[in-house]
Amino acid sequence: MRFITVGPHPWLDALRELGAEAVQLDAPPRRPAERSAPLSDELERGRTLASMLAPLFRAGDAGKTVILDSGGEGMAW
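Read on for an overview of the structure. Here the residue numbers are simple positions, counted from 1 along each chain's written sequence. Thresholds applied to this predicted model are a pLDDT of at least 70 for local features of residues and 80 or more for the giving and counting of side-chain atom pairs; totals over whole chains, interfaces and linings are not thresholded and use all residues. Heavy atoms throughout the structure, all of them, feed into the side-chain values; hydrogens and water do not.

## Here's the deal with helix α2 (residues 39-58)
Alright, step 1. Comment: elements are numbered from the N terminus, with helices defined as DSSP H or I runs of at least four residues and strands as E runs of at least two. Each residue after the first adds 1.5 Å to the expected span of a helix. The end-to-end C-alpha distance of α2 is 28 Å, a good match for the 28 Å that 20 residues give at a rise of 1.5 Å each.
Alright, step 2. Buried, partly exposed and exposed residues are distinguished by accessible area as a fraction of the type maximum, computed with a 1.4 Å probe on protein chains only: under 20%, between the cut-offs, and over 50%, respectively. Residues R45, L49, L53 and L56 constitute the buried set of α2.
Alright, step 3. Contacts are assigned to residue pairs that have any heavy atoms within 4.5 Å of one another. The inward-facing, buried residues of α2 abut β1 (2-6), β2 (21-25) and β3 (65-68).

Shown next as C-alpha cells:
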C-alpha cells in the first residue's frame, strides 16, 4: 500500500518502518493571510498538484493509495 503525505507528516517515519511505501510531496505555497487569491492562482495550484500526483497514480494501482493530510494544511492545494 502506498501513502502520500503533503508536506511533513507525523506518521511518515512510522509508515516506512512498517514497510509501507510513503511518499512526501512538497507542501503547497502559503496563501495570502486573508485566505483569498485570484482564480488564476488557484487554478495554477490545482495544475501543480495534479502534475505532482499523476506520476504516482500511473506508477501503481491507485486503488491502493491513501493521501494523508496533517491538520488540513496539505489539502490547501
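Alright, that's what it looks like, and here's the rest.
## Digging into the nonpolar core
Alright, step 1. Core analysis: the biggest nonpolar cluster contains 6 residues, these being I4, V23, L25, L49, L53 and L56.
Alright, step 2. When residues in this core are grouped by element, the largest group, 3 residues, is from α2.
Alright, step 3. Residues contacting L53, with those up to four places away along its chain left out, are I4, L25 and I67.
Alright, step 4. Residues F3, L12, A22 and L68 belong to the second largest nonpolar core, which totals 5 residues. Nine residue types can take part in a nonpolar core, namely buried Ala, Val, Leu, Ile, Met, Phe, Trp, Tyr and Cys, and a core is a set of them joined through side-chain atoms within 4.5 Å.

## Some remarks on the sheet that holds β3
Alright, step 1. A pair of strands is labelled paired if DSSP reports no fewer than 2 bridges between them. Across the sheet, which stays open at both edges, the 3 strands sit in the order β2-β1-β3 with parallel pairing between neighbours. The open sheet terminates on both sides in strands that have one partner only, identified here as β2 and β3. For this sheet, the mean angle separating the axes of adjacent strands, direction not counted, is 20 degrees.
Alright, step 2. Two elements, β1 and β2, share 5 bridges in a ladder whose sense is parallel. Paired with F3 across the two strands is A22, which belongs to β2. Fitting a line to C-alpha atoms yields each axis, with helices limited to the stretch in contact; the angle taken between N-to-C directions then spans 0 to 180 degrees.

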